[in-house]
Amino acid sequence: MRIGILGTGTLAAALGQAWASSGHELAVAGRSSAKTQDLAARLGHGVRALTPRQAVADRDAVLLAVSWQGAEDMLHSAGAGDGSLEGTALIDPTNAVEHGVGVVLTGPGEAMAQRIARLSPGAHVVKAFHMFPSDQWAKSRASDETLVTVAMCGDDPEALRLVGELVRDAGGAPTVLGSLDRARQLEEVAGFVIGLAFAGTDPSSAIPRVPSKAA
């Protein structure tokens, strides 16, 4: 696939490495030209350092790998409001939560993924990759551990299929929970996990083990 990555931090680097190693064509972009050039060089595999608007042009999928506070500015730089992401699978891994507490900071009933969709008319937003720290994706590629489940939601079947392939290439197992109106629920779960972790509790100990109903 042709993939654009908006952001130059740890998640951009981890998923970028996984996807570049899997043979995808990547372009990266960030607020800092120097950091963008550095990330492209570290990833290798012909990854290009471009401007945000260039990085999203003619892409099959775009990863918005920035903090939730920086999402609007980055989307503006990429021309999202002008339709530059129309028809593109736009992956939202953001967590709009209070650091160390886990309280969701968007408005009542509002999901960050839905806000991103409003800022990106025509884009096919998929909520994914928001439940694990960035180093999970480097670890998944380097070990034979049991695949982690990446819960996803979105409205476009083809976008969900594409993102599902990228989840597998990163070492995860995709599970679609429904349409984008489930995004708030997924974001609340992330806040729950973050809150427990900062309180010193293993989040997995607070989730009951229920047998899968899959055939």
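Refer to the structure printed above.
In this convention, every chain numbers its residues from 1, walking through the sequence in written order. The predicted origin of the model limits local features to residues at a pLDDT of at least 70 and limits the giving and counting of side-chain atom pairs to 80 or more, whereas totals for whole chains, interfaces and linings rest on all residues. Note that the side-chain values use all heavy atoms of the structure and ignore hydrogens as well as water.

Asks: Teacher, can you tell me more about helix α8 (residues 183-198) here?
Replies: In an α-helix there are 3.6 residues to a turn, and that puts residues three or four apart on one side. In DSSP terms, a helix is any run of H or I states spanning at least four residues, a strand is any run of E spanning at least two, and both are numbered starting from the N terminus. To estimate how far a helix should reach, multiply one less than its number of residues by 1.5 Å. Between its terminal C-alpha atoms α8 stretches 23 Å, which fits the 22 Å expected from 16 residues at 1.5 Å a residue. Each residue gets one of three labels from its accessible area relative to the maximum for its type: buried under 20%, exposed over 50%, partly exposed in between, using a 1.4 Å probe on protein chains only. Taken together, the buried positions of α8 are occupied by A183, R184, L186, E187, A190, G191, V193, G195 and L196. Contact definition: two residues touch when any of their heavy atoms are within 4.5 Å. In this structure, the buried residues of α8 make contact with β5 (89-92), α5 (112-119), β6 (124-127) and β7 (148-154).

Asks: Mind showing me how you'd approach the pattern of salt bridges here?
Replies: Opposite charge on two side chains lets them pair, provided their charged atoms get close. Here a salt bridge means any side-chain nitrogen of Lys or Arg lying within 4 Å of a carboxyl oxygen belonging to Asp or Glu. One pass over the full model with this rule turns up 11 salt bridges. We note a salt bridge from R59 to E25, for which the minimum N-O separation is 3.9 Å. Note that R59 is positioned in the loop between α3 (52-56) and β4 (61-64) and E25 in strand β2 (residues 25-29), a separation of 34 residues in sequence. The partner of R184 in a salt bridge is E188, with the nearest N and O atoms 3.0 Å apart. Residue R184 and its partner E188 are both found in helix α8; the two are separated by four residues, about one turn of the helix. E188 gets classed as partly exposed once you look at its relative accessible area, which sits at 37%. Here the residues in one salt-bridge network are R2, E25 and R59, joined through shared partners.

Asks: When you look at the sheet that holds β4 in this model, what are you seeing that I'm missing?
Replies: Remark on secondary structure: sheet strands pair via backbone hydrogen bonds, oriented parallel or antiparallel. The strand order across the open sheet formed by eight strands is β3-β2-β1-β4-β5-β6-β7-β8, and the pairing between neighbours is mixed. Strands at the two margins of the open sheet, each flanked by one partner only, are β3 (48-49) and β8 (172-176). Relative to the sheet, helix α1 (residues 10-21) contacts β1 (2-6), β2, β4 and β5, its axis offset from that of β1 by approximately 170 degrees. Axis definition: a line fit to C-alpha positions, over the contact stretch in the case of helices; interaxial angles, taken between N-to-C directions, run 0 to 180 degrees. The strands touched by helix α2 (residues 33-43) within the sheet are β2 and β3, with β2 carrying the most contacts at an inclination of about 155 degrees. Two strands are said to pair when DSSP picks up at least two bridges between them.

Asks: I'm lost on the pairing of β2 in this one. Help?
Replies: The buried fraction of β2 is high, at four of five residues. For β1 and β2, the ladder comprises five bridges, and the chain directions are parallel. Note that in β2 the partner of I5 across the bridge is V28. Handedness of a crossover: with both strands directed away from the viewer, a clockwise path from the first strand across the helix to the second marks it as right-handed. In this view, the connection linking β1 to its parallel neighbour β2 by way of α1 has right-handed handedness. Here two bridges tie β2 to β3, and the two strands are oriented parallel to one another.

Asks: Is there a simple way to explain the nonpolar core in this structure?
Replies: Considering soluble globular proteins, one finds that nonpolar side chains tend to be buried as a cluster. Only buried residues count toward a nonpolar core, which is a set of Ala, Val, Leu, Ile, Met, Phe, Trp, Tyr and Cys residues joined through side-chain atoms within 4.5 Å. Membership of the largest hydrophobic core comes to 34 residues, with the highest contact counts inside it found for I5, W19, F129 and W137. Of all elements in the fold, only β1, α1, β2, α2, β4, β5, β7 and α7 (157-169) reach the threshold of two or more residues within this core. For this core, the element with the most residues is α1, which contributes eight residues. Within the second largest apolar cluster, 27 residues are counted, among which are V62, W68, A123 and L186.

Asks: Explanation requested: the environment of A14 in the structure shown.
Replies: Summarising the element assignment, A14 is placed in helix α1. Residues in contact with A14, not counting those within four places in the same chain, are S134 and W137.

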